[in-house]
Amino acid sequence: MAILKTTIQHEAGLHARPLAQFVKTVKEYDAEVQVTNITRGKGPVSGASPVKLLLLAVLKEHEVEIEASGPQAEEVLVALDALIQDNFGEA
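Since the model is a prediction, treat every value here as computed from it, not as a measurement. (Residues numbered from 1 in each chain as written. Predicted model: local features only at pLDDT ≥ 70, side-chain atom pairs only at ≥ 80, totals over all residues. Heavy atoms only, no water.)

Right, let's get into unusual backbone geometry. When glycine is set aside, most residues are seen to have a negative phi, and most peptide bonds are trans. The omega torsion of the bond from Gly43 to Pro44 falls at 10°, within 30 degrees of zero and hence cis. With a phi close to 55°, Ala57 is a non-glycine residue in the positive phi region. Relative to the helices and strands, Ala57 is located in the loop between α2 (50-55) and β4 (63-69). Using a relative accessible area of 25% as the deciding quantity, one classes Ala57 as partly exposed. The phi angle at Asn87 is positive, at roughly 55°, despite the residue not being glycine. Mapped onto the secondary structure, Asn87 falls in the segment after α3 (73-85). (Helix = DSSP H or I, 4+ residues; strand = E, 2+ residues; numbered from the N terminus. Buried < 20%, exposed > 50% of the residue type's maximum accessible area, 1.4 Å probe, protein only.)

For the rest of this paragraph, the subject is the nonpolar core. Counting residues in each nonpolar core, the largest one holds 25 residues, and the members touching the most others are Phe22, Val33, Val35, Leu53 and Ile66. Of all elements in the fold, only β1 (2-7), α1 (16-27), β2 (32-37), β4 and α3 reach the threshold of two or more residues within this core. Here this core takes six residues from α3, the largest share from any one element. Those residues in contact with Ile66 that lie beyond four places of it in its chain are Ala2, Ile3, Leu4, Thr6, Phe22, Val33, Gln34, Val35, Leu77, Leu80 and Ile84. (Core = buried A, V, L, I, M, F, W, Y, C linked by side-chain atoms within 4.5 Å. Contact = heavy atoms within 4.5 Å.)

On β1, burial follows the alternation: Ala2, Leu4 and Thr6 on one face are buried, whereas Ile3, Lys5 and Thr7 on the facing-out side are not. Inspection of the sheet shows β1 paired to β4 by six bridges, in the antiparallel sense. Across the sheet, the residue bridging to Lys5 is Glu65, located in β4. (Pairing = 2+ DSSP bridges.)

Following the criterion strictly, the structure yields four salt bridges and no others. For Glu11, the salt bridge identified is with Lys60, shortest N-O distance 2.6 Å. Of this pair, Glu11 sits in the loop between β1 and α1 while Lys60 is found in the loop between α2 and β4, placing the two residues 49 residues apart along the sequence. Using a relative accessible area of 62% as the deciding quantity, one classes Glu11 as exposed. Taking the relative accessible area as the measure of exposure, Lys60 reaches 32% and is therefore partly exposed. Put simply, Arg17 and Glu90 hold a salt bridge, and the shortest N to O gap is 2.3 Å. Residue Arg17 is located in helix α1, and its partner Glu90 is located in the segment after α3; the two are separated by 73 residues in the primary sequence. (Salt bridge = Lys/Arg side-chain N within 4 Å of Asp/Glu carboxyl O.)

Structure (structure tokens):
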């Protein structure tokens, strides 16, 4: 099991397009991903479920914990960290 703690900096938080990119990235790897909104104390929920991720209500500057297990656990966390640090591809 691997864990990543990070802060979401996207203006929309983890909603709409950023959320879709997050789920797409998770589904590209052979790993189970669970996400917890540390700031609100919600979760964990499946990182592959857009509806469940929306229920976490992750806003800008919320801290999240992303936990992965499975054959590509490390790889999925590296990819998700890069996605988040790149602000989901927006300047």
